[in-house]
There are 8 protein chains.
Amino acid sequence: MDYLRDLPFEDIGYAKVDHHRSLRNGYPEVIYCEGKSIEHIKGIVESMLKKDNNILATRASKEVYEGLKDLTDDIIYYDLAKIVFIKKKEIKKSKSKILVATGGTSDIPVAEEAAITAEVLGNSVERLYDVGVAGIHRLLSNKHRLLEANVIITVAGMEGALASVVGGLVDKPVIAVPTSVGYGANFNGLAALLAMLNSCASGVGVVNIDNGFGAGYLASTINRQIELALNNY
Amino acid sequence: MDYLRDLPFEDIGYAKVDHHRSLRNGYPEVIYCEGKSIEHIKGIVESMLKKDNNILATRASKEVYEGLKDLTDDIIYYDLAKIVFIKKKEIKKSKSKILVATGGTSDIPVAEEAAITAEVLGNSVERLYDVGVAGIHRLLSNKHRLLEANVIITVAGMEGALASVVGGLVDKPVIAVPTSVGYGANFNGLAALLAMLNSCASGVGVVNIDNGFGAGYLASTINRQIELALNNY
Amino acid sequence: MDYLRDLPFEDIGYAKVDHHRSLRNGYPEVIYCEGKSIEHIKGIVESMLKKDNNILATRASKEVYEGLKDLTDDIIYYDLAKIVFIKKKEIKKSKSKILVATGGTSDIPVAEEAAITAEVLGNSVERLYDVGVAGIHRLLSNKHRLLEANVIITVAGMEGALASVVGGLVDKPVIAVPTSVGYGANFNGLAALLAMLNSCASGVGVVNIDNGFGAGYLASTINRQIELALNNY
Amino acid sequence: MDYLRDLPFEDIGYAKVDHHRSLRNGYPEVIYCEGKSIEHIKGIVESMLKKDNNILATRASKEVYEGLKDLTDDIIYYDLAKIVFIKKKEIKKSKSKILVATGGTSDIPVAEEAAITAEVLGNSVERLYDVGVAGIHRLLSNKHRLLEANVIITVAGMEGALASVVGGLVDKPVIAVPTSVGYGANFNGLAALLAMLNSCASGVGVVNIDNGFGAGYLASTINRQIELALNNY
Amino acid sequence: MDYLRDLPFEDIGYAKVDHHRSLRNGYPEVIYCEGKSIEHIKGIVESMLKKDNNILATRASKEVYEGLKDLTDDIIYYDLAKIVFIKKKEIKKSKSKILVATGGTSDIPVAEEAAITAEVLGNSVERLYDVGVAGIHRLLSNKHRLLEANVIITVAGMEGALASVVGGLVDKPVIAVPTSVGYGANFNGLAALLAMLNSCASGVGVVNIDNGFGAGYLASTINRQIELALNNY
Amino acid sequence: MDYLRDLPFEDIGYAKVDHHRSLRNGYPEVIYCEGKSIEHIKGIVESMLKKDNNILATRASKEVYEGLKDLTDDIIYYDLAKIVFIKKKEIKKSKSKILVATGGTSDIPVAEEAAITAEVLGNSVERLYDVGVAGIHRLLSNKHRLLEANVIITVAGMEGALASVVGGLVDKPVIAVPTSVGYGANFNGLAALLAMLNSCASGVGVVNIDNGFGAGYLASTINRQIELALNNY
Amino acid sequence: MDYLRDLPFEDIGYAKVDHHRSLRNGYPEVIYCEGKSIEHIKGIVESMLKKDNNILATRASKEVYEGLKDLTDDIIYYDLAKIVFIKKKEIKKSKSKILVATGGTSDIPVAEEAAITAEVLGNSVERLYDVGVAGIHRLLSNKHRLLEANVIITVAGMEGALASVVGGLVDKPVIAVPTSVGYGANFNGLAALLAMLNSCASGVGVVNIDNGFGAGYLASTINRQIELALNNY
Amino acid sequence: MDYLRDLPFEDIGYAKVDHHRSLRNGYPEVIYCEGKSIEHIKGIVESMLKKDNNILATRASKEVYEGLKDLTDDIIYYDLAKIVFIKKKEIKKSKSKILVATGGTSDIPVAEEAAITAEVLGNSVERLYDVGVAGIHRLLSNKHRLLEANVIITVAGMEGALASVVGGLVDKPVIAVPTSVGYGANFNGLAALLAMLNSCASGVGVVNIDNGFGAGYLASTINRQIELALNNY
């Protein structure tokens, strides 16, 4: 309880900006932009900038980037991933690896959100795109890459079967991200979500539809435990 | 229209028993037992027996079989498939083949409903059970069997990915049967149903959840066209 | 397994373009455009063009066509079906026939996607539009056309009853395509989808809502088996 | 408002028994038994019996009938329809007619609930069972019976297409009752319900799944208006 | 069957225009515009105009009206109801009456679609708007108007309770139209739809969400039976 | 935070029994029995009995009562409400009143759960049962009882319209409890739940389906604020 | 009943404007703008202005405000809350307090709708924003503010857990407002709605998704009972 | 691909028993019993016993245990977790720890399935039960236990908020298991599932409803990576 009491946050009225994770862990501060006005986002980023930490802004439209880019020089916009990143401190690279795989080409934006999130959180990330199960030989030809990774993120829409096949091929933690890619009875990703939750492969954890950030973050918490162990914990 | 007018059926009050398919095609007469009283089923079977055709009764509980078995000696009960079959005429075996594959062991009852339906409709049927995608090597080791078939029925619950992987391996008609095997967010087969409808593999036709009969019948209409062609159409 | 290992695909980073079907079967290469950037689509088409095969691009907006039309002269845009077709090789016409029927006028775009897909895959295709069940005499007057076909695709929105009535009139494979035509408790095609999955007629296989391509492809795999048989298999 | 104030009901604590409809219209008093204890049902029927009106108890199990049968001699149990009827006054027969049609044999219990409800409310009722659309000739052979009726109730499960075909054949009020007959993606009648709500035929009014009583009652209110007009209103 | 064979329709390729109802009944020809191109709508209307019947075009945007208005002088556009009406023949007024009631002001467009449909089909129509149950005195003050009508259409969104209260106040046929008015857990009219299907009042028939046309048409088929009876049938 | 730290609970392994509310407020300790083994329930009740507080056990089957009744003499079982109550201390009666109203007789069990919960929490409770909107005069005749209450709980299944009508008649807090009474498209109370959430009357708060306890508890927290104010706060 | 008869409303054709609440209670007149044309809104406001009461218009877009602002000088637009308020009479401030808390910054618009509604209905309102459970120390640091309030409104999207945590910390009435903030399997607020309905904390009443007005109004009816008691009732 | 080819499995007709994981990893062989006949389960276990590995049978009813217990002495039944375990080889204990926490007492069976699964897979497991968010002090008092674990499994029904609060307190991988504990709008665990997928805390991976096994297995794959790192990988 004492611990809780001391957690620092800054109250700027419409937001209570939380600094404790970045302070303790060297993590970036994170802001989720969807549904927030650009004014609010700017205010929050300004509060964060005072701490001189890295800042990760997700679901950031081009307009959000335009609104933020004069605040600092150390800002970069990842168009595909819709991520704004402000880099104030150097990022370490983990020894253990996260692999991000997609079923198709249309799943790439969500995969990039996951990959870049994991990278700015200090992880080594590999990408393996367009290896969906309708052409299973494309996945099997890359089996060695699955075996080299410590954590695997599978990103797939439509019937979302990639998670099951990958989960059957390796004994690693597999994070499954359903995407809203598809149409009709896909119901904006519900089909892939249900498929992943019902995977006949064991060891699959699912995040929300299109939630690349969540997958990248979860993979990072796992990888962090591995790194800590590698560094003699 | 003239054709329609002459289609024979027998009106027995609570049912209008339709004889025209069996008369024309040598097909068995079919009765779906669920939701019908044993008295009604007996009445319908008695009406059918007058025509001396084969009779296929699906979703038939043991009680239904008990109620029918004194009507004729030529009766057999398939316990797993819950099918009663009354054989009055010899059944031909097609040259072209239907393969029935399942994801797991629990899918076998539905697969058997499909297989036996297809068999009594005159088709050669092969079985390939427990080749789900979480152990993809079991399916790949049997790829030659997929290649030898003319029509493939895939029966799977949980995430239903088998249809997509099979559909990606062959250029044959694939009929997908979602089963209600699973639990939780499976929603009694909805997960597998949606996955199969959203298959990233082309050439997959889906039937209702647990509808082995429908799959066997559809495979049979396809195979019948092939047989007709083989026999010089 | 050896077979799988040798399947050729080209890795262009964001996509792994699969050439094996066109190489073996004379099938066109297929690209599904929805959710892909025009740059990505162009790259994939360029990779495909090297093989000198026919190319079928579905869900292609006018903008996609504009982006592709300078790559080759042999390109055509089917406006209603939203299909771009690049024709490098002559297409054969099958002897056996596919019939595409619709419930209403609003279902025509989906029907055309199915029809043109089947045509470019080498099938003879007939069209029978606006024969929905609310005016059943329009369908019955055309019963001879149902009887002449080998495979029937029924395309319908609203309550999707066309599949059941057609399935009851013929003993052919019937592929049902629910469309999102309708409103309110139609839920973007869900009503028609459920109706088709629950068809009281046997022998109906269902594809995803608005999935004309899938229906055309499935019909084609069926018809191909018939053709092979006709040509002495 | 004055009118409302004078409506008689009897307060028996757990129920406020409403007598005004039977008093004014010669209608029976109605009690819906599901979810009520047999003690409560008995109490309500005793209160009703004091008025010497006919009483219609729906969704009445055999046990309910057993609990009520000693209260009066004028009691009858319709097993299939699960209706208890207590007849204290003679019922008139309307000149105009209600036809009740079903898709299959399994829909008969719901159809009987509708038919008997309509009969005890004073209507002439015809039955036309097992005329589902998968064998459309069975319905078309009975078209004259559709034409002779003033109001038509269609009862169907599975894909519920009967309502649309009937609605297309006549210009009469059609009441559609979806039944829970079916399985899998039928979702206990949801498929038929949605199909009927989305009927491409105009002039179809839908009641709740398995609600035979509601359909019979609605048909009766329509027929009553016709009778009043026939009798010079 | 003979009757069916003779039903006239005109085949214009993308549509099979059905003339038989207007020929027999003096009904207008009907065209549902949503999802049809203006070119298709024009073609269908031109085919209809040859018969010199009245024409009712529903779900017609302003653009549809603009596209049609040069075809004939006898054309009128109902903005609120989104109806185009072409009047070639005089319309009779029924003696018996249809009342259209709404819960709120936002339900008026759907109510007007119902009212105008009923009017052009030859019915006397009354309107009673904004009498929702949250201010029940507004409905009760107008009870005499409910009592004077022969058929009542209730149009309501949100919780859709109007149908139940009206159904409890009268012994007339009540047609319930759920509207998509509301937000959140209204799910575009689903809440009102379910409420109306589950009405505790007997004698309520439900049509699709926002389906004013269907309600007007159903009310008209009912009223037509009453009129026929009044005119000595 | 200091406050939180001192909240007393007892750790009995499978449960952490929380005593702080009863200690501070004179509230009974509460145990929800569904899904717990009788052994676990007994253990929890024994831990609670040490504090000599009143104990309220909800969703308690007869078997639970049998298992508990030897622990203490001060135990009573409310059969209809499925509540076990152990009374160790006298309960005060509030001056302000809670009224519990139901739509029908079948809603009474849920209403009793609400009423008895509120009573053992120290509130004066009135009951007004079977006043559903299909016979609105039964509710209007009791309007004075609505006006005398400070908080009103409305319990209704089917279309759940009672909450809206009551909410329109009074300016009091109205708590709406949907019940699972009904069938078909009622979906176990979903219809009533959605209707209540979409009530056109303002000032309605909804609890879970069949959650009589939650309604009684919420009404009690409201009434408690009123009592505190009456007692000079 | 006499009371009901005398409730005044004004019939302006498309609306029946209800004045009785404002007349009796000093409440503002309320108009819900969504789905109404600006002409209709103006007409209703003009009818209301004759009574010289305060007027609260919710879900009012900037365009609605523009359309109304020339009708009176006493008009103000709350941009975030989308509320137009016309102040003709002074508003009292209650002694007892309502606290409005949000999980995140994106929930503020809904919270403001609740807060301003409560304020113009005469309540003292406090705001506590961005205290979601993922950083529980932000909520716990403000526990004293929860304890000082008489009624608490919790506004949250995503998993909506704020209501449960707050409900566990206080013994006050808690009103939960799910918001549509989130994406994917959030289904426009359904996730938060279900979570709030299933809260493990007792004493939580839920309103519709994004229904800030309803929450503010319900809190006000509760607070009004408290005020009446404080003022010696 | 070579690797795949050599994966050993045994074909016993109705099942293809997969031995490769246990051979390589020292993992137990796993069998999911639900939906399989006891005869099939026995056959599979007999095939597995030949390899002398540990065997984990989940969702095993008492009857399954009775059917298996004569096959070997080294068999144990975990009643609460419904797990049969056959121990042929010693299990190692990991240095890093998995913590299993539940919201309530009713969630314990699912939690035990997770805990025992993790234990037989070689992990050190701690339990922290009944720390749901409605009494947040019970969780906060145990914060040190959260901090000592490397992986945390949170098991909760109802609104499932435990995952979010725990995810906010630690920077560890959190696996969330929704349970079907609850009723009404809980929809058999859907409420908790959606809440967990929409968690506002980052780093939460979700498994299927009631899927304790999946959570235990996923936690184990994570922990295994940590152990490998600790042991110098």
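Residues numbered from 1 in each chain as written. Chains lettered and ligands numbered in written order. Predicted model: local features only at pLDDT ≥ 70, side-chain atom pairs only at ≥ 80, totals over all residues. Heavy atoms only, no water.

Per an unreviewed UniProt entry, the recorded name for chain A is Nickel pincer cofactor biosynthesis protein LarB, and the organism is Crassaminicella thermophila.

A.B. asks: Before we move on, could you go through the relation of the copies chain E and chain G and cite the residues and values that matter?
C.D. replies: Mapping chain E onto chain G is achieved by rotating through 90° and translating by 0.0 Å along the same axis, at an RMSD of 0.0 Å. The transformation just described matches what one would write down for a four-fold rotation axis. When C-alpha positions in chain E are compared against the rotation axis, the closest is assigned to Phe187 of chain E, at 7.3 Å. (Least-squares fit on C-alpha atoms with pLDDT ≥ 70 in both.)

A.B. asks: Hey, could you go over the relation of the copies chain B and chain C for me, with residue numbers and the actual values?
C.D. replies: What connects the two chain copies is a rotation about an axis and a shift along it. Mapping chain B onto chain C calls for a screw motion: a turn of 180° about the axis and a shift of 0.0 Å along it, with 0.0 Å RMSD after fitting. Taken together, the rotation angle and the small translation identify this as a two-fold axis. Most of the interface of chain B is mirrored in chain C, where 100% of its interface residues again form contacts. (Contact = heavy atoms within 4.5 Å.)

A.B. asks: Describe the packing of helix H10 (residues 212-230) of chain B against helix H10 (residues 212-230) of chain C, listing the residues and the values that go with them.
C.D. replies: At a closest axis distance of 7 Å, the pairing of H10 of chain B and H10 of chain C adopts a crossing angle of 20°. As far as their axial angle goes, H10 of chain C and H10 of chain B are roughly parallel. For H10 of chain B against H10 of chain C, the interelement crossing comes out right-handed. Residues Ile222, Gln225, Ile226, Ala229 and Leu230 of chain B of H10 of chain B lie in contact with H10 of chain C, whose contacting residues are Ile222, Gln225, Ile226, Ala229 and Leu230 of chain C. Here the residues of the contact of H10 of chain B with H10 of chain C sort into 8 nonpolar, 2 polar and no charged. (Axes fitted to C-alpha atoms, helices over the stretch in contact; angles between N-to-C directions. Helix = DSSP H or I, 4+ residues; strand = E, 2+ residues; numbered from the N terminus. Parallel < 35°, antiparallel > 145°, perpendicular 65-115°, else oblique. Left-handed = near helix turned anticlockwise from the far one by under 90°. Nonpolar A, V, L, I, M, F, W, Y, C, P; charged D, E, K, R; others polar.)

A.B. asks: So, the interface of chain B and chain C: which residues are in play, and what are the values?
C.D. replies: Each partner contributes residues to the interface: chain B has 40 residues there, and chain C has 40 residues. Here chain B and chain C share an interface that buries about 3400 Å² over both sides, 58% of which is from carbon and sulfur atoms. The three residues of chain B that bury the most area against chain C are Asp171, Leu197 and Gln225 of chain B, which together make up 19% of that side's buried surface. At the boundary of chain B with chain C, the tally comes to 0 salt bridges. Those elements that place two or more of their residues in the side of chain B that touches chain C are helix H1 (2-5), helix H2 (20-25), helix H8 (162-169), helix H9 (190-197), strand E11 (204-206) and H10 of chain B. Class assignment of the residues belonging to the side of chain B that touches chain C gives a composition of 22 nonpolar, 12 polar and 6 charged. (Buried area = accessible area lost by both parts, 1.4 Å probe. Salt bridge = Lys/Arg side-chain N within 4 Å of Asp/Glu carboxyl O.)

A.B. asks: Summarise helix H3 (residues 38-49) of chain C; cite the residues concerned and give the values.
C.D. replies: Taking 1.5 Å as the rise per residue, H3 of chain C with 12 residues should run 16 Å; its terminal C-alpha atoms sit 16 Å apart, in good agreement. For H3 of chain C, the complete set of buried residues consists of His40, Ile41, Gly43, Ile44, Val45, Ser47, Met48 and Leu49 of chain C. (Expected span 1.5 Å × (residues − 1). Buried < 20%, exposed > 50% of the residue type's maximum accessible area, 1.4 Å probe, protein only.)

A.B. asks: Outline the packing of aromatic side chains, supporting the account with residue identities and numerical values.
C.D. replies: Within the structure shown, the criterion is met by 32 aromatic pairs over all chains. Each ring, one from Phe213 of chain E and one from Tyr217 of chain E, has its centre 5.8 Å from the other, and the planes form 50°; the classification is tilted. Here Phe213 of chain E pairs with Tyr217 of chain E, and both are found in helix H10 (residues 212-230), just 4 residues apart, close to one helical turn. With a relative accessible area of 12%, Phe213 of chain E lands in the buried category. Ring centres 5.9 Å apart and planes at 25° place the aromatic pair Tyr32 of chain F and Tyr183 of chain H in the stacked group. (Phe/Tyr/Trp six-rings, centres within 6.5 Å; stacked < 30°, edge-to-face > 60°.)

A.B. asks: Lay out the interface of chain E and chain G with the relevant residues and their values.
C.D. replies: Tallying the contact residues gives 21 residues for chain E and 23 residues for chain G. Summing both partners gives a buried area of about 1600 Å² for chain E against chain G, and 61% of it is carried by carbon and sulfur. If you sort the residues of chain E by the area they bury against chain G, Thr105, His137 and Tyr183 of chain E come out on top, with a joint share of 40%. Counting across the chain E and chain G interface gives 0 salt bridges. Inspection of the chain E/chain G interface yields 8 residue pairs in polar contact (both at pLDDT 80 or more). (Polar contact = N/O pair within 3.5 Å; in protein donor to acceptor, adjacent residues only side chain to side chain.)

A.B. asks: Go over the pairing of strand E4 (residues 55-58) of chain F, please, and point to the residues and values.
C.D. replies: In regular strands, side chains alternate between the two faces of the sheet. Residue and element names in this part refer to chain F. Of the two faces of E4, both are covered, the one formed by Ile55 and Ala57 as well as the one formed by Leu56 and Thr58. Looking at chain direction, strand E3 (residues 29-32) and E4 are connected through 4 bridges and run parallel. Note on E4: the bridge partner recorded for Ile31 is Ala57. Note on the crossover from E3 through helix H3 (residues 38-49) to E4: the handedness is right-handed. Two elements, E4 and strand E6 (residues 83-86), share 3 bridges in a ladder whose sense is antiparallel. Across the sheet, residue Leu56 finds its bridge partner in E6, namely Phe85. (Pairing = 2+ DSSP bridges. Right-handed = clockwise from strand over helix to strand, strands pointing away.)

A.B. asks: Which residues make up the pattern of salt bridges, and what are the values?
C.D. replies: Per the counting criterion, the structure on display carries 88 salt bridges over all chains. Between Arg127 of chain C and Glu119 of chain C there is a salt bridge whose closest N-O contact spans 3.0 Å. Among the ionic contacts, a cluster of salt bridges with common partners joins Glu34, Arg59 and Glu113 of chain A.

A.B. asks: Mind laying out the pairing of strand E6 (residues 83-86) of chain G, listing which residues take part and the relevant values?
C.D. replies: All names here are of chain G. Of the two faces of E6, the one lined by Ile83 and Phe85 and the one lined by Val84 and Ile86 are each fully buried. Of the strand pairs in this sheet, strand E5 (residues 75-78) and E6 are connected by 4 bridges, and their pairing is antiparallel. Each residue of the ladder has a partner; that of Tyr77, found in E6, is Val84.

A.B. asks: So what about the sheet that holds strand E4 (residues 55-58) of chain E? Which residues, and what values?
C.D. replies: Residues and elements named next belong to chain E. Strand order across the open sheet formed by 4 strands is E3-E4-E6-E5, with mixed pairing between neighbours. The open sheet has two edge strands with one neighbour each: strand E3 (29-32) and strand E5 (75-78). Between one strand axis and the next, the sheet turns by 15° as a mean value, whatever way the strands run. Along the sheet face, helix H3 (residues 38-49) touches E3, E4 and strand E6 (83-86) and points at about 180° away from the line of E3.

A.B. asks: Quick one: what's the story with the sheet that holds strand E3 (residues 29-32) of chain G, residue by residue and with numbers?
C.D. replies: Residue and element names in this part refer to chain G. Spatial ordering of the open sheet is given by E3-E4-E6-E5, a layout of 4 strands whose pairing is mixed. Single-partner strands in this sheet number two, and they are E3 and E5. Direction aside, neighbouring strands of the sheet carry axes that sit 15° apart on average. The sheet contacts of helix H3 (residues 38-49) involve E3, strand E4 (55-58) and E6, and relative to E3 the element is tilted by about 180°. Helix H5 (residues 108-120) rests against E4, E5 and E6 of the sheet, and its axis sits at about 10° to E6.

A.B. asks: How would you summarise the environment of Ile86 of chain B if you had to cite specific residues and measurements?
C.D. replies: All names here are of chain B. You can see Ile86 is positioned in strand E6 (residues 83-86). Ile86 sits in the buried class, given a relative accessible area of 1%. A sequence separation of 135 residues divides Ile86 from Thr221, and the C-alpha atoms of the two residues are 21 Å apart. Non-local contacts of Ile86, meaning those with residues more than four positions away in its chain, are made with Val45, Leu49, Asn54, Ile55, Thr72, Asp74 and Ile75.

A.B. asks: I'd love a proper account of the packing of helix H5 (residues 108-120) of chain A against helix H10 (residues 212-230) of chain A, names of residues and values included.
C.D. replies: Relative orientation and spacing of two packed helices are given, respectively, by the angle between their axes and the distance between those axes. All names here are of chain A. Contact pair H5 / H10: the axes reach a minimum separation of 7 Å and the direction vectors enclose 35°. Relative to H10, H5 is oriented so that their crossing is right-handed. Where H5 approaches H10, its residues Val110, Glu113, Ala114, Thr117 and Ala118 are matched on the opposing element by Gly212, Phe213, Ala215, Gly216 and Tyr217. Each residue belonging to the contact of H5 with H10 can be placed in one class, and the counts come to 6 nonpolar, 3 polar and 1 charged.

A.B. asks: Summarise the side chain of Asp210 of chain G; cite the residues concerned and give the values.
C.D. replies: Relative to the helices and strands, Asp210 of chain G resides in the loop between strand E11 (204-206) and helix H10 (212-230). Not counting chain neighbours up to four residues away, the residues in contact with Asp210 of chain G comprise Tyr183 of chain E together with Arg59, Val110, Glu113, Val177, Pro178, Thr179 and Ser180 of chain G.

A.B. asks: Go over the domain arrangement of chain A, please, and point to the residues and values.
C.D. replies: Note: interface size is frequently given as the accessible area lost on complex formation between the parts. Residue and element names in this part refer to chain A. Taken domain by domain, chain A consists of domain 1 (9-86) and domain 2 (97-229). Measuring from the centre of the C-alpha atoms in domain 1 to the corresponding centre in domain 2 gives 26 Å. Taken together, the contacts link 13 residues of domain 1 with 15 residues of domain 2. Summing both sides of the interface, domain 1 and domain 2 together bury roughly 1300 Å²; the carbon and sulfur share of this comes to 66%. On the domain 1 side of the contact with domain 2, Tyr27, Arg59 and Leu80 bury the most area, a combined 41% of that side's loss. Put simply, domain 1 and domain 2 have 1 salt bridge between them. The salt bridge partner of Glu113 is Arg59, with a shortest N-O separation of 3.3 Å. Summed over the shared surface of domain 1 and domain 2, the number is 2 residue pairs in polar contact (both at pLDDT 80 or more). Counting residues per element, the ones that place at least two in the side of domain 1 that touches domain 2 are helix H2 (20-25), strand E4 (55-58) and strand E6 (83-86). Of the residues that constitute the side of domain 1 that touches domain 2, the class distribution is 9 nonpolar, 2 polar and 2 charged. (Domains from an automatic or database assignment.)

A.B. asks: Residue-level account of the UniProt feature "domain: PurE" (unreviewed entry) in chain A, with values.
C.D. replies: Within this numbering scheme, the UniProt entry marks residues 96-228 of chain A as carrying the feature "domain: PurE" (unreviewed entry). When the span residues 96-228 of chain A is considered, its composition is 43% helix and 19% strand, and the gap between its end C-alpha atoms is 11 Å. (UniProt positions renumbered as here; feature names shortened; annotations may be inferred.)

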